[in-house]
Amino acid sequence: MPIYVYECRNCSGQWEVFQRLDEGGEGLGCPSCGKTNPRKIVAPFRTNAWSTFLDGMERKVNPHKFKG
């Protein structure tokens, strides 16, 4: 289940919600002020794929560094 980040249109508070893909923000209330009808915002996607890729390339280019 993905995590969505919502922002209150009234107080600008932000919070995360676990939701199914087909669910919307209708009926969600702000934890700070209680107002409904929040705005869904784009959340940063975090992964370690890039660092894993770079480590793998470093092992291929300079294998002598990783011999122990």
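To start, this report covers the structure provided alongside it. The structure displayed is predicted, hence computed values, not measured ones. (Residues numbered from 1 in each chain as written. Predicted model: local features only at pLDDT ≥ 70, side-chain atom pairs only at ≥ 80, totals over all residues. Heavy atoms only, no water.)

It is worth spelling out the overall build of the protein at this point. Within the protein, the secondary structure is distributed over one helix and three strands. Written out in order from the N terminus, the α and β elements of the protein read β-β-β-α. Compactness check: the protein gives a C-alpha radius of gyration of 20 Å against a globular reference of 11 Å for 68 residues, more than 25% above the reference. Judged by the C-alpha coordinates and their principal axes, the protein covers about 60 × 25 × 15 Å. Looking at the 68 residues of the protein, the share that counts as buried comes to 19%. Sequence-distant contacts, at least 24 apart, represent 25% of the contacts inside the protein between residues at least 6 apart. (Helix = DSSP H or I, 4+ residues; strand = E, 2+ residues; numbered from the N terminus. Rg over C-alpha atoms; globule rule 2.2 N^0.38 Å. Buried < 20%, exposed > 50% of the residue type's maximum accessible area, 1.4 Å probe, protein only. Contact = heavy atoms within 4.5 Å.)

This part is about the pattern of salt bridges. Counting across every chain of the model gives two salt bridges. Residue Arg39 pairs with Glu7 through a salt bridge whose shortest N-O separation is 2.2 Å. One end of the pair, Arg39, is in strand β3 (residues 39-41); the other, Glu7, is in strand β1 (residues 3-7), and 32 residues separate them in sequence. Among the residues examined, Arg39 registers a relative accessible area of 38% and is labelled partly exposed. For Glu7, a relative accessible area of 15% translates into the label buried. Across the pair Arg20 and Asp22 runs a salt bridge, and its minimum N-O distance is 3.2 Å. (Salt bridge = Lys/Arg side-chain N within 4 Å of Asp/Glu carboxyl O.)

Further remarks concern the environment of Gly27. Following the sequence through the fold, Gly27 ends up in the loop between β2 (14-18) and β3. On the basis of relative accessibility, which here comes to 68%, the residue Gly27 falls in the exposed class. Sequence separation between Gly27 and Met57 is 30 residues, and the spatial gap between their C-alpha atoms is 48 Å.

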